[in-house]
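The lines below spell out each chain.
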Amino acid sequence: MPPALKKLISQPLRNFNLSERWLQDQIHSDPTLLGLGEVVVLQRERAQPSGGRLDFLMQDPSTNKCYEVELMLGATDPSHIIRCIEYWDRERQLHPSLEHCAVIVAEQITARFFNVIRLLNRSVPMIAIQLTAISLGADEIGLQFTKVLDESLTFGEEQELPSEPQNLAYWETRASPDSLAVMKKFTALVKEVVPSAREIIRESNIAFASTGRQFAWLTPRKGKHCHVQISVGQEFRDTMLGNLDADGLAADARGARTVVMQLRVSDIEEHEAVLREIVELSGRLSIGSAFDTDG
């Protein structure tokens, strides 16, 4: 017998006596709701010179791509579109070597919105996400985020990206036990190799700095690995990539100065010597501020 059909009826969030603040809270708690991948929140309600506030500045740690996200209950309107583009443009100017994408989330994506986007074709990479709220019973509500427009164009770190401070308990609710085990093991290695290193725990990642600039960044994930970035300077990047490859550890370049890896606990155990080498170099270079922050 086929399953019974249940008719789902969508309603505006305000019909549930829910506000944009409530919606922000849900997305902040789980940014993957938007369907942008395993993004993390760098900053919420980021103040702008114009006097407004960007709802969310997000980033995909695996690519460093940034998303300027604006929420709106009801339908999109011209002022909402312009505000989102202004915020996107400001962040792009602050961090021109990173890829940026404007994201509008609204309950109704209007025809006028698509007309404006056509006028801006090949100028602004933008994603439009339509939010649908569905009543599931007296005390339950469902949220569905549907991408109705994908970005049309992408671009390409002069300033360090902002991110709210956090503690380890924050990551324990957002990452798998396997990934957290990688984080702890790699953290122990860093502190042993660079005794002056200190942890900086925030919503986007866990960074390490000694007496100089930050030199390594961890982002725990929901799988078995942990995303790791280590800045080794432009002069040594290719050499370190060669050493990692020769040791059988997969790694990629990120920009001119950074090496990125997806590490598991077994990787740290099997390739400890080469990882200690790269961490020691990175920590030593950071003291002399030989490179800028990439995290």
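Each remark here, short or long, concerns the structure printed above.
Residues numbered from 1 in each chain as written. Predicted model: local features only at pLDDT ≥ 70, side-chain atom pairs only at ≥ 80, totals over all residues. Heavy atoms only, no water.

Engineer: Help me understand the overall build of the protein, please; the structure alone is not making it clear to me.
Structural biologist: Secondary structure assignment for the protein yields eight helices and 13 strands. Whereas a compact globule of 295 residues would reach a radius of gyration of roughly 19 Å, the protein reaches 21 Å, a difference of no more than 12%. Seen through its principal axes, the protein has C-alpha atoms that stretch 60 × 50 × 35 Å. A buried classification covers 48% of the 295 residues belonging to the protein. Surface exposure of the protein reaches about 14100 Å², of which carbon and sulfur atoms provide 48%. Between the averaged position of the 31 positive side-chain charges in the protein and that of its 41 negative side-chain charges there is a distance of 4 Å. (Helix = DSSP H or I, 4+ residues; strand = E, 2+ residues; numbered from the N terminus. Rg over C-alpha atoms; globule rule 2.2 N^0.38 Å. Buried < 20%, exposed > 50% of the residue type's maximum accessible area, 1.4 Å probe, protein only. Areas by Shrake-Rupley, 256 points an atom, 1.4 Å probe, with all protein chains shown as cover. Lys, Arg positive; Asp, Glu negative; His and termini not counted. Charge placed at Lys NZ, Arg CZ, Asp CG, Glu CD.)

Engineer: Just to check I follow, could you spell out the packing of helix H6 (residues 237–246) against helix H8 (residues 272–287) for this structure?
Structural biologist: Following both chains from N to C, one finds H6 and H8 inclined at 165°, their axes separated by 10 Å at the closest point. Comparing their axes, H8 and H6 come out roughly antiparallel. Between H6 and H8 the crossing geometry is left-handed. Taken together, the residues of H8 that come into contact with H6 (itself represented by Met240, Asn243 and Leu244) are Val274, Leu275, Glu277, Ile278 and Leu281. (Axes fitted to C-alpha atoms, helices over the stretch in contact; angles between N-to-C directions. Parallel < 35°, antiparallel > 145°, perpendicular 65-115°, else oblique. Left-handed = near helix turned anticlockwise from the far one by under 90°. Contact = heavy atoms within 4.5 Å.)

Engineer: Can you help me understand the nonpolar core in this one?
Structural biologist: Side chains of a nonpolar character, in soluble globular proteins, are inclined to be buried together. Ranked by internal contacts, the top residues of the largest apolar core, which has 37 residues, are Phe186, Ile230, Met261, Leu263, Leu275, Ile278 and Val279. Sorting the residues of this core by element identifies helix H4 (168–172), helix H5 (177–193), strand S9 (206–209), strand S10 (214–220), strand S11 (226–231), H6, strand S13 (258–263) and H8 as the ones contributing at least two each. Ignoring any residue separated from it by four or fewer positions in sequence, one finds isoleucine 230 in contact with Phe186, Phe215, Ala216, Arg257, Thr258, Val259, Met261, Ile278, Val279 and Ser282. Listed in part, the 22 residues of the second largest apolar core include Leu13, Leu23, Val69 and Leu71. (Core = buried A, V, L, I, M, F, W, Y, C linked by side-chain atoms within 4.5 Å.)

Engineer: Explanation requested: the sheet that holds S9 in the structure shown.
Structural biologist: Pairing between the strands of a sheet is mediated by backbone hydrogen bonds and can be parallel or antiparallel. The six strands lie next to each other as S8-S9-S10-S11-S13-S12, forming an open sheet whose pairing is antiparallel. Unpaired on one side and paired on the other, strand S8 (198–201) and strand S12 (252–254) mark the two borders of the sheet. The sheet shows a mean angle of 25° between the axes of neighbouring strands, taken without regard to direction. Of the strand pairs in this sheet, S11 and S13 are connected by six bridges, and their pairing is antiparallel. By the bridge assignment, glutamine 229 is partnered in S13 with valine 260. (Pairing = 2+ DSSP bridges.)

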